[in-house]
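# Overview (structure and organization)
So you can see what is in the structure, the chains are spelled out below.
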Amino acid sequence: MKSLHGLRWALQSARPRHVPFNTTPGTRVNFLTSKNPKTPGEVPNSQLNHKKADERPVEPPKPAQHVLSQPMRAMMRQLPHPVVVITTLENTRELSEPEDMRSDQFPRPIPRAMTVSSFTSLSIDPIPRVTFNVTLPSTTYSALVKRSGFNAHILSGDDHGARIADLFTRGNRPSADTETPKGRNEQDLGVLAGLEKLGVQIVGREAWQREWEQAGEYRHNVFAASKAGSPITDVELPPSGTLPLLQGQGIMYVLKCEYRKLTPPVDGDFDHHAIVMGEVMDIVPGESGNQGGVALAYADRAYRRMGKKLLERPTN
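Now for a look at the structure at hand. (Residues numbered from 1 in each chain as written. Predicted model: local features only at pLDDT ≥ 70, side-chain atom pairs only at ≥ 80, totals over all residues. Heavy atoms only, no water.)

The next point concerns the pairing of strand S5 (residues 129–135). Two faces belong to every sheet, and in a regular strand the side chains alternate between them. Extensive coverage of S5 is indicated by the burial of 5 of its 7 residues. For strand S4 (residues 120–123) and S5, the ladder comprises 3 bridges, and the chain directions are antiparallel. When the bridges of S5 are listed, Ser121 appears paired with Val130. Linking two consecutive strands that pair antiparallel, namely S4 and S5, is a turn of 5 residues. Two elements, S5 and strand S10 (residues 273–285), share 7 bridges in a ladder whose sense is antiparallel. Residue pairing for S10: Val130 is matched across the bridge by Gly278. (Buried < 20%, exposed > 50% of the residue type's maximum accessible area, 1.4 Å probe, protein only. Helix = DSSP H or I, 4+ residues; strand = E, 2+ residues; numbered from the N terminus. Pairing = 2+ DSSP bridges.)

What follows is about the side chain of His66. With respect to the helices and strands, the residue His66 is situated in the loop between helix H2 (45–54) and helix H3 (69–77). Here His66 falls in the buried class, since its relative accessible area comes to 16%.

Let us now look at the environment of Glu258. With respect to the element layout, Glu258 can be found in strand S9 (residues 251–260). Sequence separation between Glu258 and Val145 is 113 residues; the distance between their C-alpha atoms is 9.7 Å. Reaching out from Glu258, the side chain makes a polar contact with the side chain of Arg260 at a distance of 3.1 Å. (Polar contact = N/O pair within 3.5 Å; in protein donor to acceptor, adjacent residues only side chain to side chain.)

Structural data, given as structure tokens:
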């Protein structure tokens, strides 16, 4: 029975699959975003996607274990993987969501982060793109989909990089000794609170806080203009788009990316894992980037520093 099941799975996996993706940047999803109107009665697909992303992740039914699961897991442990930290923001607002504009509650944005070991370049030319996969459910994945952006941090292959990576392998619930107290005017740094003990700076805190405040003012101005009979298009959109960016020892580079939606080739393929694709918009050098060396790797349940050269290939 196991062999028949494996054969059936192999035949299904071998059929051609075409994966379309959205290459049109469109309007960036930020604290407040306006979408182009569709035909009357039509609900934009992007709005449906954001509505799904806004919901709390729900644990999908656990799939049946494949006959090759354990051998595959053991083999992959021997394969070195790059270690990258992904950051984004949760609790952002959109003009396309009526409930977002009507609600009096305006939650402060909460940073989200996760460590991934499946990060790789999808293309360099004509457009630089990166990709990685995520096990679902994931609050960070839901946040970056709704936010439509993320920052990818390339870590140095040393103790500094390993400690940063290990901080984000336990989900987005900070431990009691790293959680920051939250007063009325204080930000919730979420899992990023533990970075200060590692000497890592969180760049952009003041900017996303200011964007959050301006988004609230924009909401007030929109309602005031609507009440006065003025077109809401006359209300200037506030700046937005700042995401958590980490700087300090252990950070080699930061890739600022815009999320590009992938459509699963077969219904149900993204029930337990999702493939994330991002278009690289900028590369920010980190403190450890000018020190040379190879980035942090992970293999056989441990963080690793790459060893000596074996065979150097010509550059031509």
